[in-house]
Amino acid sequence: MSSDTYQANSNGSAFSPQSSEGESQSGNSMPVVMWRFKWLLVFAGVVGFSIGYWRSLQKPTTYQASTKLMFKTDKPLSIDSVTGSIVGGVPSGALLQSLIASDDIIALASSDPGLAAIPSLSGKSPAVIGSILRGGIQFAPETSQRDAADRMIADMHFGGSDADTCVAAVNTMTRAIETYFEGERESSLNQFSKLIANAQQKLLPELAQLEEQYKEFRFGAPLEWDPNGGVVNPHRTRQFSLQGQKDQSEQEARGLMAELRLIKSIRERYEDPVLVAQLIGRDGVLGKTTLDRLATRSSNPAIADLELEQLTVERSLVPLLTEREQMIADLGSLHPAVLSLTSRITSTRKQLNELDEARVERLTELAKEGADTGDSGKYQREAALKSVESYTRSIEERLRAIDENVAEMQVAIDVEKKAANTLTQAENDDAMYRRQIERVQGMLIQLEQQVAALNLADVSGGLVVTPIRASNSAATIRPDLKQDVAMSTILGIGIGALIAMLLEMSAKMFRSSEEIALELRTPVLVHVPLDEGRAKSTKGQANTELSKLDPKLSVVHRPYSPAAEAIRGLRTSILFDKRTYESKVFQVTSPLPGDGKSTLAANLAASLAQSGKSVLLIDLDLRSPRLSERFNVSQETGLTNVLNGECSPSEAICNTPIENLDILPCGVLPSNPSEALTLPEMAEVFVWVREQYDFVIVDSPPLLLVTDPAITTSYVDAVLLVLRVRRRVKPNAIEAMAMLRNAGARVVGVVVNKVDELASGSSYRSGASGSYGSIGYGYGYKYRSKYLSDQSPEESFMVLGRGRSQYPKDDRRNAVQVELDQDDAVVNPR
């Protein structure tokens, strides 16, 4: 069978090919089509080559002069910090190309005296010369700003029909470009210098006026300035100082209130004054003085007086401290008033220390007296109670003093804030004068920098044009014989390829087995190669009657040829179909005459008979029968006689030299072949042959010529469609397949007959590799031919199967057959 793989649908009637990778299902890929029509491509290429050569000879000669220019600048590429734009560097290639073709440069070049000496340009006006230059000049940059930001190299060409004109035009354009950019640089420098001078003359008086106005403003403004020149608002400074003192006092008040809440909490929880005083002293609320008080055992009015006097002194100390902090913020720490207040605070603290020492001495005396009298517990409780109450009153008095001081400072803060706000306008005016003066000074500094840059540009130059390679001669650029011939040849091959595709589309023939299976929706069962061989005489041939058979019976005369191998592959497909569908009667037909259906039917029947099957070959082509000639039997009595009742089917059947193969000839040709096929006797004949034979092969006429094959499909189990690949085979095959399906026939598959690999070349591919040698046809044929020529006839060996000779020929229809396929497989019927 063919090496192609197919996938059947649910009813087994339609198949789709699984193409190999890299191939289209139709097989008409572009490279394959081009190779098939390679003669057309060669012819089109030769024609294109000739046309290109002829056109190149007809073109006029064109010359081109070239030069190489370098544009460089000493101003690097940068970004302007004021405008944000990119400045400096060499302009882009597109901009330079536009400048070179501008009216200014063309006008400079056209007025050059050197062009007047050229014969082709003499006597022409500058406008005409400028038009010629603009039309022929070409500018092509070689480098860009990405390659180098400070320089660019470009080629400039001029083409024309006169070599001297091309050289003169290039040199003249080079001089014009140099002159233009030099003039642009000088003009820009002069113009910019004037602008800078005008700006300086305007800005200097303005700066002097602003400085004078700012001086007058500072003289009369109610503001102060620090040594660095920064503006100072005195009321704002005092406001911030008072606010800081107020925050400190409030923080101190919050600490005293926390101590007061702790003392009250302890007194509420404990009744013993001594325990309360001890707890207060342990928590850090009472200091060392309070503990000394608890150590005494007596209570004396003199101590109370000392404590009251001490508390009074402490109250007078707090305002003095606050006032000193304010004076330090306003006047400084070295101011005489601040120093005097500091002296008062020092004396007050000295007085407070003396009172504390006197109270300690008195407490010590009372403690000694209590120890002598033995009433220490009573005095200790009284002393502890009075100490706690005295300490509590002192905290309350200090809180009261702090609150009064905070209230006074808040009033002072509000006054200073209001006064500071009145100076806001003066502060804004000062800032305005400062900004204006700084702006004018900055502009003057920038102008000075620009002047320095202009001086540097005058020395080193701006954008400079330097010729790297001068133009001394012009080269011939057209006609370019190689280019013209190559383009014409490619165009000719392209037109040839287009014609090849059109021819391929109009051929309407199959190019591969995959395409056949795709278009006809049925598998390709086998490819039968073209077999032009003839039967050869062999020494000691056992049956001489076989030599009388038609040489086209390859399975008989050339059993090991590629054609015989293909027929055996078809036989295997028939055996499989019978096992699957219980098919016995197979019709062989084709779309048109010349497809080799009769030869294929004869070879298939002979191959089935060689496998041990009883086979009947019916020649049902009642118009042009061929099977009688193939097997050398008489056609005087045949199927038509059976239909007329002249004889029985067994009497009309003829034996052939091939064992197990009988043939029912056509008989006398009828004048009504189509009507004869519809007779009831025809159905009776097929019923009889089904009972007598294992396989029945029916040869029928071509489908597209007569209706006989469509009628025959009602008597058979399956149909084999035989094709021969040739022009217009595709529409004929599609139409034939449609006729079979409309008649209700079950098509087993397609047989591609008479495949000539040498003649067709690559126009049709029978398998994955395109040749029969790679898919098994003809395997071992050359070796067997040599082997048989070396041995004697007595050494031939045949495999007949077990007990095959025990059954007589007449009883073979009732014997249990062992289905032996000589080259494919052994199939055991179930």
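Relevant structure appears above.
Now for a description of the structure that goes with this document. Just so it is clear, the structure is predicted and the values come from calculations on it, not from any experiment.

## Section: the overall build of the protein
And then number 1: Each helix and strand counted, the protein has 27 helices and 21 strands in total.
And then number 2: Among the 830 residues that make up the protein, the fraction classed as buried is 41%.
And then number 3: Relative to all contacts within the protein whose residues are 6 or more apart in sequence, the contacts with residues 24 or more apart total 79%.
And then number 4: For the protein, the computed accessible surface area is about 45,100 Å², with 54% contributed by carbon and sulfur atoms.

## Regarding a nonpolar patch on the surface
And then number 1: There is a patch of nonpolar side chains on the surface, built from Trp39, Leu491, Ile495, Ile499 and Leu503 and spanning about 500 Å² of accessible area.
And then number 2: Counting residues per element, the nonpolar patch draws most heavily on helix H14 (residues 481-507), which supplies four residues.
And then number 3: Among the secondary structure elements, isoleucine 499 is positioned in helix H14.

## A short note on the packing of helix H15 (residues 513-520) against helix H25 (residues 729-742)
And then number 1: In the contact formed by H15 and H25, the axes pass within 10 Å of each other and the chain directions differ by 40 degrees. Taken together, H15 and H25 sit at an angle that is classed as oblique. Seen along the crossing, H15 lies across H25 with a hand that is right-handed. Side by side, H15 and H25 meet where Glu515, Glu519 and Leu520 of the first sit next to Lys730, Ala733, Ile734, Met737 and Arg741 of the second.
And then number 2: Tallied by class, the residues present in the contact of H15 with H25 amount to four nonpolar, no polar and four charged.

## Let's talk about the sheet that holds strand S19 (residues 747-755)
And then number 1: One open sheet holds the eight strands; their spatial order is S12-S19-S18-S13-S17-S14-S16-S15, and the pairing between them is mixed. The sheet is open, and its two borders are formed by strand S12 (524-529) and strand S15 (654-655), each paired with just one other strand.
And then number 2: Relative to strand S16 (residues 661-664), strand S14 (residues 615-619) is paired through four bridges, and the arrangement is parallel. Residue pairing across strands places leucine 617 opposite isoleucine 663, the latter belonging to S16.

Basis of the calculations
Residues numbered from 1 in each chain as written. Predicted model: local features only at pLDDT ≥ 70, side-chain atom pairs only at ≥ 80, totals over all residues. Heavy atoms only, no water. Helix = DSSP H or I, 4+ residues; strand = E, 2+ residues; numbered from the N terminus. Buried < 20%, exposed > 50% of the residue type's maximum accessible area, 1.4 Å probe, protein only. Contact = heavy atoms within 4.5 Å. Areas by Shrake-Rupley, 256 points an atom, 1.4 Å probe, with all protein chains shown as cover. Patch = residues over 30% accessible without salt bridge, like charges linked within 9 Å, V, L, I, M, F, W, Y side chains within 5 Å. Salt bridge = Lys/Arg side-chain N within 4 Å of Asp/Glu carboxyl O. Axes fitted to C-alpha atoms, helices over the stretch in contact; angles between N-to-C directions. Parallel < 35°, antiparallel > 145°, perpendicular 65-115°, else oblique. Left-handed = near helix turned anticlockwise from the far one by under 90°. Nonpolar A, V, L, I, M, F, W, Y, C, P; charged D, E, K, R; others polar. Pairing = 2+ DSSP bridges.

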